[in-house]
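An overview of the molecular structure
For reference, the chains in residue letters:
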Amino acid sequence: MPLNHLFAPIRLGRMEVRNRLVMPPMSVNFGVDEQGFVTEQHWVYLALRAKAGTGMIVMGGGTVHPDGLDLPRMPRVWDDCYIPGLSRLTAEVKRYGARIGLQLLHGGRQAFHERRVAPSPLPSLAVVKGVPRELANGEIKELVVAHAEAARRARDAGFDFVEIHAAHGYLISEFLAPNANRRNDEYGGSFENRTRFLLEIVSAIKERCGRDYPLGVRYNGEDYVAEGWHLDEAVRLGPLLQAAGADWLHVSAGVYGSLPVTIPSMYQSFGCFVHLAEAVKRAVSVPVIAVGRIKDPVMADRLIAEGRADLVAMGRAHLVDPELAAKAAQGRLNELRPCIGCCRGCIQNVLAMSEATCVMNPELGREYRLGQPRPAARPKRILVVGAGPAGLACTRLLALRGHRVIVVEERARPGGALVLASRPPGRAELLEMVEYQLAELQRLGVEIRLHAVVDESLVHELKPDVAVVASGANPRMPQLEGLFESGLELSTVLDVLSGEVIPGARVVVLGSDQAAMVTADFLAQGQRQVAVLGGDHFASELAPNDRTSLRQRLAAAGVKLYKRASIRKFRAGELVIDHQKGQELLIGFSDLVIAEGFRSERGTVDMFRKLGLEAHLLGDAKSPRTLLETTAEADELGRAL
Ligand SMILES: Cc1cc2nc3c(=O)[nH]c(=O)nc-3n(C[C@H](O)[C@H](O)[C@H](O)COP(=O)(O)O)c2cc1C
C-alpha cells in the first residue's frame, strides 16, 4: 500500500522537505563529549535515519545557555567554538537528502544541575528537586538574544532550520504556564505577558538569521497538570506565532509530573496527542506537526490524508528502527521493528544520565562501532533451546550472519515469558517483539520446532556445533511457615496469567516486582479485591513513564498496596501481616498468588556439556532479568559466535 500522503513533499517557509515523516528531537545523552562537542557517534546515528529517507530530522536539545543544560551530554550552541563539530554533523546528514535542524533548548527549572533558573522560584513538579533562581527582567532579555545567537550558530553550522523548544515544562514552557510563572512584570500574569518571551524569541531569531531562515516552534497543546498551559491558550497562541514568523508549529504535550507524560508508555493510546495538533491546525495556515505514540506509518499517512496534521513525527519508532522511512516507503511494513512503548532503554536511561538504548534495538547509539553484522567466518550449526525473546533475538543475528540455526521449544507456541506478560491490561504490545522476531526468522528461513523434547537423541539427530540455552525461568516458591496449611488457594503469577487458575473474589499477591503488579492489575479486572504485599518498591523494573500509568490504574481499581510487608502467620481464612505502618489482619481472602521472583531453567546445559558440546547460557536461563538486559545480551552473543 503506497503511503502517498506521508511521502508527499511539503514546503515549510522556503524549505522544501522530501516527505512528511519527521524524526522529532530526542536527547539521547550520547554522541557529545565531555567538553560538549558532538562526536561521530551522533552523526552516524542520525545519518543512518537520514539515509533511510526520513524527510526532516530535528536534533534534540541544542542548549542556548550553560544554565539551560538539561542533561550532561547535550549538543551545545551557546558559543561559536561548537560550530565546526556541528558543521561536520550537518554535512554527514545532509548527504542523504534529509533536512536537518537543531532544537533550541533551555532547561529552566527542569535542568539536571544546580544552577537552575526559572520565571519564578517554584520547583519542578517531578523528577528534578530544588528551587530554581528567579530570572531578573534583564536576564530574560539576555536569554532572548541567547536564543537568537544560538540560531545564528546553527545556521552557520549548516542546519537547514531551527525549532524552538517551548514545550514539556522547560524554560519557555514555564513562562507560558500559570503554575510556573507568577511574575508581576511584563513577562507574567496575562496571556499576553506569559507568551511575550516566546514571541520575542521568534522575532529575534527572524531578525538575526533573516526572515527566510526556516523556523519552527514546538510547544504544548496541553501540560496535563493543574493550572498548567491548556489547549484553549495553545490555539490562541498559534496565529500569533505564525504572525511573528514561525514557519510551522509542532504540537506536543506534558511536563515533568504530568499525566499523561510527554513520552507515553504502552498504556496510552496511539496518537494520544493528535487532537491537540488538530485543534491548533484549525487556527493557523502554516503546517502543523503531530506527535505522540505514532508508530505505524499507515496511521501517520491517514492522519495527513484526513487533514488532522501536515507532518507526522515518529520519535521512538526512529530509535527502534533506523530503516523506518525506507521500509514504510517501500511497503515493507511487515519488516518494521516496532516500538513496544516500554520506555526502558530510551527515556529511563536518559533521565538516569545514561546513554539511550532500546529493548528492541540494542544497537542504538553503537551504530558507529558495530556496522552491519559481520558474516560468520565459519558458518556453524547452532541449536537454540527456547523460543522466548532472548533465544529469538540471538537466533536472528546468528542467521543474519550465515549460521545454520534451529530453534527448539518445549511449549506449544513461541514467545516464552512474553506470551503471559502480554496478557494483563495494556501490555499486549509486548507480544509485538515476538511477532517481529518470528517474521524475521521466517524471512531468514529458520526452523522453529515446537513441542520439542531436548535430549541426547535430539543432539544426535541435529548434530549441532554449538548450543545456546535460552530456556527461561520459572517462579520461585518462598519458604513460609504454614503456607501449605493456610487454607488459601495457592498459585503463581504464571498460573494466573495462563488461565490455569482462576482466583476467587479476594486475592493476596505476594511480591511487588513487575510481574506481581501487572498480575494485580489483571486480577483487579472483574471486581476482584486485591491486596499486594510488597517490598520497598513496586514494579521497580518498569520505566517511570510506564509505572506511573500502572500505578494510576491500580489506584483506580482500589488495589491495596502494602509496603515492606511480610506474612507473620496464617490462620484459617486470615493472614496476619507486618508492613511499613504496623501489623494488620487480612480477613476473608481466598487466594494467595506467589510473585516472589524467578529462578533460571537451565537443565539442558549440563547435558550438552557432558556430550562435549560448546553450550552458552542466555537470557533468564542465565539469570532472570528484564528484557533490556536479556535482549542486549542476545545481541552480543549473536554477534560473537
Ligand atoms: C530518549 C528521548 C529523549 C527525548 N528528548 C527530547 C528533547 O530533547 N526535546 C523534545 O522536544 N522532545 C524530546 N523527546 C520527546 C520526543 O520528541 C517525542 O515527543 C516523544 O517521544 C513522543 O513521541 P513518540 O511516541 O513518537 O516517541 C524525547 C523522547 C525520548 C524517547
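Attention here is on the structure that accompanies the text.

Glancing now at the overall build of the protein. The secondary structure content of the protein amounts to 22 helices and 27 strands. For the protein, whose C-alpha radius of gyration is 27 Å, the value lies close to the compact-globule estimate of 26 Å for 641 residues. Burial status across the protein gives 60% buried among its 641 residues. For the protein, the exposed surface amounts to about 24600 Å²; the carbon and sulfur share of it is 50%.

All right, on to the site of the ligand then. Near the ligand, the surroundings consist of 19 residues, among which Pro25, Ser27, Arg218, Arg293 and Arg316 are the closest. In this structure, an oxygen atom belonging to the ligand sits 3.1 Å away from a side-chain N or O atom of His165. Between Arg218 and the ligand, the recorded distance is 2.7 Å, taken from a side-chain N or O atom to an oxygen atom. If the ligand stood free it would expose 610 Å²; the protein chains cover 96% of that surface. Of the residues assigned to the shell around the ligand, the class counts are eight nonpolar, eight polar and three charged.

Turning our eyes to something else, we now look at the sheet that holds strand 14 (residues 404–408). Overall, parallel pairing links the five strands, which are arranged 15-14-13-16-27 in an open sheet. Edge positions in the open sheet fall to strand 15 (447–449) and strand 27 (614–617), since each of these has one partner strand only. Averaged over all adjacent pairs, the angle separating strand axes in this sheet is 20 degrees, with direction ignored. As defined by bridge partners, strand 16 (residues 466–469) adjoins strand 27 across four bridges and the pair is classed as parallel. Bridge pairing links Ala467 to Ala615 in strand 27.

The next thing to look at is the packing of helix 19 (residues 514–524) against helix 20 (residues 544–556). Here helix 19 crosses helix 20 at 40 degrees, and the two axes come no closer than 10 Å. Taken together, the axes of helix 19 and helix 20 lie oblique to each other. Where helix 19 crosses over helix 20, the two elements pack in a sense that is left-handed. Contact with helix 19, carried on its side by Met517, Val518, Ala520 and Asp521, involves Leu550, Arg551, Arg553 and Leu554 of helix 20 and no other residues of that element.

Attention now moves to the packing of helix 6 (residues 196–209) against helix 7 (residues 231–244). At a minimum axis separation of 9 Å, helix 6 and helix 7 run at an interaxial angle of 20 degrees. For the element pair helix 6 / helix 7, the angle class is roughly parallel. Pair helix 6 / helix 7 crosses with right-handed handedness. Residues Leu198, Leu199, Val202, Ser203 and Lys206 of helix 6 form the contact with helix 7, whose participating residues are Leu237, Leu240, Leu241 and Ala244. Counted by class, the contact of helix 6 with helix 7 contains seven nonpolar, one polar and one charged residues.

Okay, empty space enclosed by the protein next. According to the stated counting rule, one finds four cavities of 30 Å³ or more in the structure shown. Quantified by volume, the largest cavity comes out at close to 150 Å³. If you go around the largest cavity, you meet 13 residues; those closest to its centre are Arg337, Met360, Ala393, Arg396 and Gln437. Of all elements in the fold, only helix 14 (389–400), helix 16 (431–443) and helix 22 (627–640) reach the threshold of two or more residues within the lining of the largest cavity. The residue makeup of the lining of the largest cavity, split by class, is seven nonpolar, two polar and four charged. Looking at which domains feed residues into the lining of the largest cavity, each of domain 1 (10–369) and domain 2 (375–475 + 599–640) supplies at least three. If you add up the space inside the second largest cavity, you get close to 110 Å³.

Each value, and the rule that gives it
Residues numbered from 1 in each chain as written. Predicted model: local features only at pLDDT ≥ 70, side-chain atom pairs only at ≥ 80, totals over all residues. Heavy atoms only, no water. Helix = DSSP H or I, 4+ residues; strand = E, 2+ residues; numbered from the N terminus. Rg over C-alpha atoms; globule rule 2.2 N^0.38 Å. Buried < 20%, exposed > 50% of the residue type's maximum accessible area, 1.4 Å probe, protein only. Areas by Shrake-Rupley, 256 points an atom, 1.4 Å probe, with all protein chains shown as cover. Near = heavy atom within 4 Å. Polar contact = N/O pair within 3.5 Å; in protein donor to acceptor, adjacent residues only side chain to side chain. Nonpolar A, V, L, I, M, F, W, Y, C, P; charged D, E, K, R; others polar. Pairing = 2+ DSSP bridges. Axes fitted to C-alpha atoms, helices over the stretch in contact; angles between N-to-C directions. Parallel < 35°, antiparallel > 145°, perpendicular 65-115°, else oblique. Left-handed = near helix turned anticlockwise from the far one by under 90°. Contact = heavy atoms within 4.5 Å. 1 Å grid on protein atoms, 1.4 Å probe; cavity = no way out; pocket = protein on both sides within 12 Å on 5 of 7 lines; lining within 4 Å. Points joined across faces, edges and corners; volume = space filled by probe spheres on them. Domains from an automatic or database assignment.

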